Amino acid sequence: MSWKPLRVLTPRSILPALAVMLVLAAGAAAHANKPVPFGDRVAGSGEAEAAPVSTQSLSTADLDLKVGPGLEAFHRQSGEQAWSYRREGATALYLSMAGDNAIVVWDDGLVTSVRPGDHEVRWHRAVPGLADWLRGDGEPGADKRTDAQRKELAQERAAAALHTVQRGGSAWVAVVTPNLTMGLRDADGDLRYNSKPPGSCLYDPLRTVGTEYAVLVPRSCTNGAGQAVSGGINGYRLDSTGWQLNTGPSVSIKALDGSRVLITDGPIVPARVFDTKAAAPEAACDSPSAPFAAVRPQGGCTDPAAVPTQDAPAGQDAPAGDQPPAPPQAQQPQQP
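Read on for a plain summary of the structure. Treat the numbers as computed from the prediction; the structure is a model and nothing was measured. (Residues numbered from 1 in each chain as written. Predicted model: local features only at pLDDT ≥ 70, side-chain atom pairs only at ≥ 80, totals over all residues. Heavy atoms only, no water.)

**Overview of unusual backbone geometry**
In step 1: Here the amide bond leading from glycine 68 into proline 69 is cis, since omega sits at -5°, within 30 degrees of zero.
In step 2: Of note, proline 69 is situated in the loop between strand 2 (63-67) and strand 3 (71-75).
In step 3: The backbone of histidine 119 shows a phi angle near 45°, a positive value even though the residue is not glycine.
In step 4: Within the element layout of this structure, histidine 119 appears in the loop between strand 7 (110-115) and strand 8 (120-126).
In step 5: You can call histidine 119 buried: its relative accessible area is 9%.
In step 6: Phi at alanine 279 takes a positive value of approximately 55°, unusual for a residue other than glycine.
In step 7: Turning to its location among the elements, alanine 279 is positioned in the loop between strand 20 (272-275) and strand 21 (280-281). (Helix = DSSP H or I, 4+ residues; strand = E, 2+ residues; numbered from the N terminus. Buried < 20%, exposed > 50% of the residue type's maximum accessible area, 1.4 Å probe, protein only.)

Quick look at the structure:
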């Protein structure tokens, strides 16, 4: 092996190294002055520009959470503000809990997850088309809405768009707009599915219903003449395959409990119950398949033929109204 002595550094040889160091220093300075991503500002009480908060961690149960203009946390016992989470140029519209985490919809179409106990912003997700639908620009009569009406509309639609599901595995979040529905895992904000309505159909966030296991999204469809035709319901879960139900254009969904919903599809089709935990319809009581159905009727069904009749006590006549009429007696011919 050849051996070479250490080279003595000359001013000319130092220049490239200094240039590299200057570039790195400039990059570090630019990174230090870079705005907080997504305009996040988390602050303690009275510290509007502080980020991040260094106050003591609290339990979610110790806090009351409110939205507007950001996510505001207050001590449950004293009512004093604990911290606030705001985003530059955006307004928080609606809040829903996914386990111990707060999911917030913002008017710029962003959805964020915050852990209230240590006021950490866990993830951000932009939902295409959400901001436009929240504002309702271009809709009939949009130019005549007052500021108060625009705010009320945005809050109403934000509440209809956001659904949190607590069971069936880990908590997750569904965001529904007329042209897109997305499913996000709350653990990390990972996108688990996105679905667009087929053909000339639109999802209806205002009729969407969530249970503890799934989210059911009605869709309405039109033909070439713009007339309403048969629609359907898309059911979504993260821990199993979703499903589709064919319905009429005006179907309605009503939650009965944590897993079951009542689906009403007009005056002709009988209302039916769907169990989102079992992902199957509940059999009707008068159905021959009820004893073999995947989901039995709630509370079971009573066979009228199996109900014992109440006999009158011995020695006591039954009420007259409960006795069948006596048959007429034949008249005996008179003896001459």
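Now that the structure has been shown, we can carry on.
**A closer look at the pairing of strand 10 (residues 172-177)**
In step 1: Of all the six residues making up strand 10, six are buried; the element is thus mostly covered by neighbouring parts of the structure.
In step 2: Of the two faces of strand 10, both are covered, the one formed by Trp172, Ala174 and Val176 as well as the one formed by Val173, Val175 and Thr177.
In step 3: For strand 9 (residues 162-165) and strand 10, the ladder comprises four bridges, and the chain directions are antiparallel. What sits directly across from leucine 162, in strand 10, is valine 175.
In step 4: As paired elements, strand 10 and strand 11 (residues 180-185) share six bridges and run antiparallel to each other. From the neighbouring strand, valine 175 faces strand 11, where its bridge partner is methionine 182.
In step 5: Following strand 10, the chain reverses through two residues before pairing antiparallel with strand 11. (Pairing = 2+ DSSP bridges.)

**Some points on the environment of leucine 191**
In step 1: Mapped onto the elements, leucine 191 comes out in strand 12 (residues 191-195).
In step 2: According to the relative accessible area criterion, leucine 191 is partly exposed, its value standing at 30%.
In step 3: Expressed as a C-alpha distance, the spacing of leucine 191 and valine 173, which sit 18 residues apart in the sequence, is 9.7 Å.
In step 4: The contacts of leucine 191, once residues within four sequence positions are left out, are Arg125, Met182, Gly183 and Leu184. (Contact = heavy atoms within 4.5 Å.)

**Structural notes on the sheet that holds strand 20**
In step 1: Taking strand neighbours across the sheet as the criterion, the four strands line up as 18-19-20-21 in an open arrangement whose pairing is antiparallel. Both edges of this open sheet fall to strand 18 (252-255) and strand 21, since each of them pairs with a single strand only.
In step 2: Of the pairings in the sheet, the one linking strand 20 to strand 21 comprises two bridges and is antiparallel in character. Across the sheet, phenylalanine 274 pairs through a bridge with proline 281, a residue of strand 21.

**Let's talk about the sheet that holds strand 10**
In step 1: Read from one edge of the open sheet, four strands run 9-10-11-12, paired in antiparallel fashion. Every other strand in the sheet has two partners, leaving strand 9 and strand 12 as the edge strands with one partner each. Put simply, the sheet's adjacent strands are angled 15° from each other on average, direction ignored.
In step 2: Where strand 11 meets strand 12, four bridges bridge the pair, whose relative direction is antiparallel. The residue of strand 12 that forms the bridge with threonine 181 is serine 195.
In step 3: Running over the sheet, helix 3 (residues 147-161) touches strand 9 and strand 10 and is turned about 30° from strand 9. (Axes fitted to C-alpha atoms, helices over the stretch in contact; angles between N-to-C directions.)

**Observations regarding the state of the cysteines**
In step 1: Overall, the coordinates contain one disulfide when judged by the stated rule.
In step 2: At a sulfur-sulfur separation of 1.9 Å, the disulfide partner of cysteine 201 is cysteine 221. Torsion about the S-S bond of the cysteine 201 and cysteine 221 cystine: about 100°, corresponding to right-handed handedness. Of this pair, cysteine 201 sits in strand 13 (residues 201-203) while cysteine 221 is found in strand 15 (residues 215-222), placing the two residues 20 residues apart along the sequence.
In step 3: A relative accessible area of 11% means that cysteine 201 is categorised as buried.
In step 4: Overall, cysteine 221 belongs to the buried group, its relative accessible area being 7%. (Disulfide = S-S within 2.5 Å.)

Note that all results are geometric; they support no functional claim without further evidence.
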